[in-house]
Every structure is written in C-alpha cells, then in structure tokens.
Amino acid sequence: MKNLLIVFGLLTVMLSSCGEPKRETSNIKEEAQAFLDEYTKEYLKLYYNSSKAEWASNTRIVEGDTLNAYNTQVANEAFAKFTGGESIITSTRALLEKKDQLDDIQVKQLEAILYAAANNPATVSDIVKERIKAETAQTEKLFGFDFQIDGKSVSTNDIDKILNEETDLTKRRKAWEASKEVGKTLKDGLANLQQLRNKTVQALGYHDYFTYQVSDYGMTTEEMLKLNEQLVKDVWPLYRELHTWARYELAKKYKADVPEMLPADWLPNRWGQDWSEMVKVEGIDLDGVLKEKGPEWIVKQAERFYISLGFNPLPQSFYDSSSLYPAPIDAGYRKNNHASAWHMDLKNDVRSLMSVVPNAEWYETTHHEFGHIYYYMAYTNPDVPPLLRSGANRGFHEAIGSMLGLAAMQKPFLENLDLIPAGIQTDETQALLKEALNYIVFIPFSAGLMPHFESELYVNDLPKDQYNKTWWDMKAKFQGIVPPTARGEEFADATSKTHINDDAAQYYDYALSYVLLFQIHNYIAKNILHEDPRATNYYGSKEVGNFLNDMLKVGATKDWRVLLKETTGEDLNAKAMLEYFEPLTAYLKKANEGRTYTLPEQPNF
C-alpha cells in the first residue's frame, strides 16, 4: 500500500504539470504504468484472499458456524476498501481524462479499475460494508437451507431426480414446493440487498445496480432489454410450438386435463428453464452408460477432451483443491451444489465447484465448466494483464462453456467415445427436439423473465410486497408457466434461483451466450470441420483447438464486437441458432395439428 500511495503522489504532480507535450505524453504513459503495476500487485493479493474466503463459504457450510461468514466478510471488505478507494477513483479518472495519450491496453485496464470501484466506492464505505455482510449471509442461508419433503431432509439432487422421473403429481408438487421454501428465508435479505446494491453504485453516478452491470457491455439498460426482447421474439414461433407440444404431452403422461398454461411442477426443472428431460432419444441411454463408468470417469474424460484439442492437462492443483463431488451424507457440512468454475488468483490456481454424479446432465455440465477453466488458462499469459483476464464480455465466457457442452453431446462425438454404438440408428428429430427443449426453451427464461424481473427490482425499485406477483406475472408472459397453486407474498420464489442472490443483474449473459455459442459453433462446423452443425465431432481436432485458443487467449484485451467479427466474420445475431433448429418446426406443426395454442402468435411486450 505504501508504494501505491507514492504513485498517487507522483500522479498528482504529473497530472497538474504543464511540460513539453512530447515529454508529458511519455511521462503520462510511464506514470500510468507505474500506477497500474502497483494497483495490480495489491489487487491480486486481496482478490486471492477474497476468493479463498468465498471458496470456504461455498464448500463447507456448517449450521451454527459463523467463522466462514466472518472470514469472507473481512476479506471482501478489505478488497472493497482497496478497489473503491477515493484516491484510486481520483487517480484513475485523472488518467482517463488523458486517455488519448495512453496505450489502448492501459486505457482498458483503467476503465476496468473504475468499473470495479463503482461496486465498492469508499465514499459510501458503510453501505459497502453492510452490503458485503448481507451478501455473505444470503449465500449461507441459500446453500445451508435444509430442504425437506414430508419432514425428511433431501438434497437438491434428490428434488431434481423426482422432477425428472416421478409421474405422481402429488409427489411432484411436494418436491417442487420443497424447492421454493427457501424463498421465505431469503425475501427480507433480497429486499435489503436491492437497496444496498443500488446505493453502492449510485455513489459513482449510476442510476441503479442493473444499469451498472449492463454498462460493462457498453450498453444502456434500455438497449440491453431491447436486445433481449428481440431474442425472445426471434425464437417465439418455435417456443410457441414447443409450449403447445409440452402441454399436451405432459397431460398425457400425467393422465390429466390439458392445462392452458404449463404448471411449474409438471416440468423437469425447478425453474422451468430446461425441459429436455421430457425426451429420451432411443438408442442413446447416456445415464445408464455413465452410471457404470462413475463420476470420476466423467471428470477425467472432460479433461481428455480438451487435451485432444491441443490444450495442456489440468494442473494437479486443480484436482487437489477443487470440490467436484457431492458432500458425503455424514459429512457434517453442506456445500453449494450449483456448478461453477473459479479463477482463484487470476494466475494458476483454477478450481471447479460441482456435485458430479454419473448422469448425462453432469456429463454435459462438466464439459461446460471445464470450458471456463480452459478459458482461464488460455488468457493467463504475459500478453494479457491480470486486470484484463476475463472473457471478451461476460457472455463470451458462458458461450464457450455452453458450446463445448453442446459439442460433447452430439452423436458423432458420443460415438467416438463409445458412449453409444457406432452407426446406431437414432431418431434425429427427437434428438433435435431434446436440444430445442434445452436451448430454445432457455431463451424466454434468460432473455425474458430474468432480466426483466431484475430490471424491475433495481431500476424501478420493485416493492417487497410485489416480488412474487411480479415474478409469476412475468413467468406467465414470457414462458407461459404458472404456479401449481396460489403463491402469496409470503413466498419469494425468485430467490430460489441462486443468481438473484449472489450473481445479480447479469443473467442476460447466459441468453447472449447462447446466441454466441451457435454463431461460433456454426463457424467451426462449416469452416473448420466441414460437418453438419447438428452432427459434429470436435474430438481430436487440433485445428478447432487452435481456433478456440486464438479466441480465448486475448481475454478482454479486445472489444468483444471486434473479436466476434474477426473470428466469425459476423456481428451478434441469432441466425445460426434459428437455422440449427429449422428442421424441427415442420415436425412440431404436424404434432400440434388440432391442438389449441394458448400463447399469442407474438409475445405481449
């Protein structure tokens, strides 16, 4: 810290002096670099401390034990105090006023510093401290919650299994309702975070927290919402067919009347964001094959895939430090069961937090999470300063993970691994339907419900007594999904989604990532592999690996729009995604002949 304060002093003198123009430019670059070097040194130390504390809070949750929460709070407060320091903000702003005299990489780093400062400004240090404490408490409540069915404790994996397999509607409803009970304990916490997050960024001139997060894309809230609405409109005709098909098929399965809208407890996913478990593709029994192989095989096979593309093996420290499997029943602690990848120190400490069990969902998820890990490893190189070691935008990171998850599920890929017999005859339409029930169904959730609910929450300061009504009104509008029974304001069903609590106002990242993944995948299939985008095999292709590495290794040193244009020759658009699922439309229209459509032809927004 002492060296950093000296740099601040030098900056003050330098920026207030009026020397010879040429010499001043040189001095500004040198002093800017000195500032960046000292800032980065302290940033990395505090970032790592915060990461390690967060890791402990997510991997070992013990009821009644407050030590992890305390350590996380202390580490995050120290990180916040540094990144949001008044002198940091003043010096960074002063340098950016002369950005035309700096290198582009220097400017990008300074902009990243200022963006980080807005989340923790020292001018409202009491609010920042309170927000960090509240966020830590919210995370512990969510992942330490004792989910119960009929008075018996169950895991979220248990709940998911019931929703995937059970046909008894009474049992399904109990499981679904159990998954939402956590909201009662989180509602007040969300209301508190809503205010604290807004007040934090308002100190640096942002209208609200949602607007702040969107600004990372170089966009306004209105622009981001319009972009996401356009994505929903683009997929709506196909989604409407899928929604109609699902209503009738599920009614047949449960021996019930066809509902006007889809009851949430009828669907195989707790939030209705992925319906792919409705379809089992004949000839492909991944769950059965993977159960025999075990969870460790899934993890090591995902690594082998990336090695086959030319990437390096994962460091041994990854396996030593990660938390890859469910906590043992008698462990005496709980863990966050939501899959995630961690770049702990922005250098070589990479980890993954998962609860892998041997099934197709975790097979795909593992390939996805390892995509993040290899992205981290690719941009950890001397050409990318630590402050720019992130995705080209937040959606890019998810796009790479999701694309490689998609690639690992395609038939030629599975045949290559002997997970399905070579040349096996499968119903390609059913396979495409299964994928659409994942990728297309996800768009109204990720581009419709989530960003619109969170914009109401932060931009329009949604009152606490309207949380649940607003959530379900939007679910009906964007997804055509309704609760199985009346859900009053004692509930806060939105909070059962982890991102509402601990990754706020960023869920549109996933929607944009799906568009990006199909654009990038389409390019790889057609221009590198020369294969049908619906039937590719990336495995062993060093050319694919080189293409990906060239994209990943630049981190955030390039504008994401420029990088996308350079790599695919296109701007962001949903054309590749729509083309991919185009053959499915005729099948669904025929299947839905004589059926009543309850969603409008065009979405109501």
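Residues numbered from 1 in each chain as written. Predicted model: local features only at pLDDT ≥ 70, side-chain atom pairs only at ≥ 80, totals over all residues. Heavy atoms only, no water.

> Could you clarify how one ought to interpret the nonpolar core in this entry?
Looking at soluble globular proteins, one finds that nonpolar side chains tend to be buried together. If you look at the biggest cluster of nonpolar residues, it comprises 156 residues, and the most contacted ones within it are L242, W275, F396, I524 and Y538. In terms of residue count, helix α18 (residues 428-458) provides more of this core than any other element does, 16 residues in total. Here W275 is in contact with Y239, L242, H243, A246, L262, L267, P268, L437, V441 and I481, once residues within four sequence places are set aside. Core analysis: the second largest hydrophobic core is formed by 19 residues, Y43, F79, L110 and I113 among them. (Core = buried A, V, L, I, M, F, W, Y, C linked by side-chain atoms within 4.5 Å. Buried < 20%, exposed > 50% of the residue type's maximum accessible area, 1.4 Å probe, protein only. Helix = DSSP H or I, 4+ residues; strand = E, 2+ residues; numbered from the N terminus. Contact = heavy atoms within 4.5 Å.)

> I keep staring at the confidence of the model for the chain and nothing clicks. Help me out?
Summing up the model confidence of the chain, the mean pLDDT is 93 and the portion of residues at 70 or higher is 96%. Across residues 5-23, confidence stays below pLDDT 50; counting only partners more than four residues off in sequence or on other chains, it has 21 contacts. (pLDDT = per-residue confidence, 0-100.)

> Which parts of the structure should I look at to understand the pattern of salt bridges?
When the charged atoms of two side chains lie near each other, side chains of opposite charge can form a pair. Using the criterion set out here, one finds 29 salt bridges in the structure. For R197, the salt bridge goes to E135, with nearest N and O atoms at 3.3 Å. Highlighted residues: R197 in helix α9 (residues 182-202) and E135 in helix α6 (residues 125-143), separated in sequence by 62 residues. A salt bridge links E249 to R595; its shortest N-O distance comes to 3.0 Å. Of the two residues, E249 sits in helix α11 (residues 221-254) while R595 sits in the segment after α25 (582-591), which places them 346 residues apart along the sequence. For E249, a relative accessible area of 23% corresponds to the partly exposed category. Here R595 falls in the buried class, since its relative accessible area comes to 17%. In this structure, a network of salt bridges that share partners links the residues R131, E135 and R197. (Salt bridge = Lys/Arg side-chain N within 4 Å of Asp/Glu carboxyl O.)

> When you look at the packing of aromatic side chains in this model, what are you seeing that I'm missing?
Within a pair of aromatic rings, the relevant descriptors are the distance that separates the centres and the angle that separates the planes. Counting across every chain of the model gives 43 aromatic pairs. Members of the aromatic cluster, joined through ring pairs, are Y439, F442, F445, Y507, Y510, Y514, F518, Y580 and F581. Note that K293 overlies the ring of W297, its terminal NZ or CZ placed 4.7 Å from the centroid. In this structure, R351 is placed above the aromatic ring of W55, and the distance from its NZ or CZ to the ring centre is 5.3 Å. (Phe/Tyr/Trp six-rings, centres within 6.5 Å; stacked < 30°, edge-to-face > 60°. Lys NZ or Arg CZ within 6 Å of the ring centre and 35° of its normal.)

> It is not clear to me how the packing of α6 against α9 should be interpreted in this structure. Could you clarify?
For any two helices packed against each other, the geometry comes down to the angle between their axes and how far apart the axes lie. As a packed pair, α6 and α9 sit with axes 9 Å apart at the nearest point and diverge in direction by 155 degrees. Viewed along their axes, α6 and α9 adopt a mutual orientation that is roughly antiparallel. In this structure, α6 crosses over α9, and the sense of that crossing is left-handed. Residue-level contacts link I127, V128, E130, R131, A134, E135, Q138, K141 and L142 of α6 to V182, T185, L186, G189, L190, N192, L193, L196, R197, K199 and T200 of α9. Tallied by class, residues from the contact of α6 with α9 come to 9 nonpolar, 5 polar and 6 charged. (Axes fitted to C-alpha atoms, helices over the stretch in contact; angles between N-to-C directions. Parallel < 35°, antiparallel > 145°, perpendicular 65-115°, else oblique. Left-handed = near helix turned anticlockwise from the far one by under 90°. Nonpolar A, V, L, I, M, F, W, Y, C, P; charged D, E, K, R; others polar.)

> Would you take a moment to explain the environment of E282 for this structure?
Its location among the elements puts E282 in the loop between β3 (262-263) and α12 (286-293). Given a relative accessible area of 68%, E282 falls into the exposed group. With 149 residues separating them along the chain, E282 and A431 place their C-alpha atoms 8.9 Å apart. In contact with E282, other than residues within four places in its own chain, are Q425 and T426.

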